[in-house]
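This is what each chain is made of:
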Amino acid sequence: MKENWWKIIGIGLMLFSLIFGMLTPLKPGLPSVFPFNGKAGNQLTLSIQGYNTHFDEVKDQRVWLKLGDYTLGASKLEATSSNLLKATFNTPDILPSKDSVVVFTLISDNEIDGASVMPSAIFVKQANIDSLGAAQIWPQNSVDNLHQRAGITFPYRNVLGETIRNLYYHVSLWFAMFLILAVSVFYSIRYLHKENMVDDHRADAMVSVGVVFGLLGCATGSIWAKHTWGTWWTTDVKLNMTAIFMLIYLAYFVLRGSFQDEIKRARLASVYNIFAFASIIPLLFVIPRLVDSLHPGNGGNPGFGGEDLDNTMRMAFYPAIIGMTLIGLWMADLRFRLSVLADKLLDRM
Amino acid sequence: MLLEWRQKNVIYGILLYVVSTVFIVYISTGDIRPPVWNILFWIIVLFASINAMVKSFIQENNQRQLYYYQLAHPVAIILSKILYNIGLLFLLSILSCLAMTLVYESPIKRMGLFGLTIFLGSVGFSITFTFVSAIASKADNSSTLMAILSFPIVIPILGTLMMLSANALGLIQDTAFLKDIYTLIAIDGILLGLAIILFPFLWRD
């Protein structure tokens, strides 16, 4: 029991991350608004779709259109259900901007849900442009006394929605895979240094777990891509590089399979493992950053950070990385013991 | 390794291989545009070089390898093979470029950049293929293994090369091509360092 503490920690952290990551509700958000365009001077009636909101239970619901410091509150509000709100705005003839089409941000606030923001929610067209005149008509900084939603929530992001939870599993799988492959390279180097068969078995077990994690990472990423990009697989550079990287590691198994002699196999597999690991570093970390990519963290796209990764998410994300790595090491350990036992059995026969 | 130079017929064979491949491509495609030219050029060079490299370890018999082993240090052997192969591949790329120019019009806009690209390409291909050929030569099904092991490793190099040569062909106007060159040099450097460190382990047999 004493030497198994790390397995228990791994399982515990993973369970915590699964339960916490899956059960914590998302912060209320505004997924869509209809219509999304209008004319200045008209009365604008917007149907605002809410997510996890309680429009029909609250009394102090407020909604604004916001452009810079200028904000226009809704003149009439009518909640048809907990997730549907009709808001009417009386827009002045002129807008505080020099453009003919102006993009407004929508802000909603009430005591239960707290404040939610929908950026670039509605396009308003103005016939006459008079930004100085409009600056005197439009109210400024009327958004105040915003509420905070009580309890622990994950941030709501348009497009991502509930799939924001996939961050804990998809990203941490890749982290864990990379750590495990790095450990396997360590064992390969040790094998070449000391020529101890045990190290080769360990390296082999680690690579197989790493490949399984890579496949799972692809699968979770694919689900995420289906939701956000609308397709299971695209010709995005990061995805292609991942496919190549899987090919490199599958070739490792082909290489192992093509030798009968144990020592020869161990040595060549170790050499190839080191070579392969070095060649995936430019594959996964350098090239995707140089060219355009849809994937977060590449080609000018920001990774998760700032507002997208708040502290409640970190509470599920970091345990998932550690837990995933520990479980992977445990899986590799089981495989390693299996291959050692198989070797012993062969020796006895 | 001057020894390789003795097998002149092999080199002539490879050069003829390139020319006939270009001709086959020419007959089957007719007129092509610069983007296709770029792709075809690199595919021809890739396959010609893998054919050329297979022989560097695989087609040598064991007795001769034993003889080299007693004669020279393993690092000297891999370095000389890599250097020789760089020269061979550079020659091969220039020749296939010339052959392609002969049958199609040359779309190359920036000769210097294109020359640098094919030089860096031959360095990268040569290091990867020589090293992988050393691994594959130990196995029985070596030529299959050679392709399986080397293609995925060579793809990042190939991708960067294609971008650089697209630049040289004037297909894209990328001012950041220096970054690509540095990436390529860095990849080549890493692979060369690893090949030198790891080759002595492969050699002992």
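Here the structure is shown first, and the text comes after it.
A brief report on the enclosed structure follows. (Residues numbered from 1 in each chain as written. Chains lettered and ligands numbered in written order. Predicted model: local features only at pLDDT ≥ 70, side-chain atom pairs only at ≥ 80, totals over all residues. Heavy atoms only, no water.)

## Re the environment of Leu160(A)
All names here are of chain A.
Argument step 1. Tracing the backbone shows Leu-160 in the loop between α2 (131-137) and α3 (166-194).
Argument step 2. Looking at Leu-160, the relative accessible area reads 15%, which means it is buried.
Argument step 3. For the pair Leu-160 and Thr-71, spaced 89 residues apart in the sequence, the C-alpha separation amounts to 27 Å. (Helix = DSSP H or I, 4+ residues; strand = E, 2+ residues; numbered from the N terminus. Buried < 20%, exposed > 50% of the residue type's maximum accessible area, 1.4 Å probe, protein only.)

## Let's talk about the interface of chain A and chain B
Argument step 1. Counting from both sides, the interface comprises 25 residues of chain A and, opposite them, 28 residues of chain B.
Argument step 2. Of the roughly 2500 Å² buried between chain A and chain B on both sides combined, carbon and sulfur atoms contribute 82%.
Argument step 3. Across the chain A-chain B interface, the total number found is zero salt bridges.
Argument step 4. Where chain A touches chain B, the interface holds one residue pair in polar contact (both at pLDDT 80 or more).
Argument step 5. Going through the elements one at a time, α5 (237-257) and α6 (262-290) of chain A are the ones with two or more residues in the side of chain A that touches chain B. (Contact = heavy atoms within 4.5 Å. Buried area = accessible area lost by both parts, 1.4 Å probe. Salt bridge = Lys/Arg side-chain N within 4 Å of Asp/Glu carboxyl O. Polar contact = N/O pair within 3.5 Å; in protein donor to acceptor, adjacent residues only side chain to side chain.)

## Regarding the sheet that holds strand β8 (residues 101-110) of chain A
Residues and elements named next belong to chain A.
Argument step 1. Pairing is mixed across the open sheet formed by five strands, whose spatial order is β2-β9-β8-β4-β5. Whereas interior strands pair on both sides, the edge strands pair on one side only; in this sheet they are β2 (37-39) and β5 (70-73). Across the sheet, the axes of successive neighbouring strands diverge by a mean angle of 35 degrees, strand direction being ignored.
Argument step 2. With four bridges joining them, strand β4 (residues 62-67) and β5 adopt antiparallel strand pairing. (Pairing = 2+ DSSP bridges. Axes fitted to C-alpha atoms, helices over the stretch in contact; angles between N-to-C directions.)

## What to know about the environment of Gly73(A)
Residue and element names in this part refer to chain A.
Argument step 1. Note on placement: Gly-73 falls in strand β5.
Argument step 2. Residue Gly-73 is classed as partly exposed on the basis of its relative accessible area of 34%.
Argument step 3. Distance from Gly-73 to Leu-239, taken between C-alpha atoms, is 45 Å for residues 166 residues apart in sequence.
Argument step 4. With residues up to four places along the chain from it excluded, the contact list for Gly-73 reads Val-63, Trp-64 and Phe-89.

## What about the pairing of strand β6 (residues 76-81) of chain A?
Residue and element names in this part refer to chain A.
Argument step 1. Summarising the sheet, β6 and strand β7 (residues 84-90) pair through five bridges and their orientation is antiparallel. Paired with Ser-81 across the strands is Leu-84, a residue of β7.
Argument step 2. Hairpin remark: β6 followed by β7, antiparallel, with two residues in the connecting loop.

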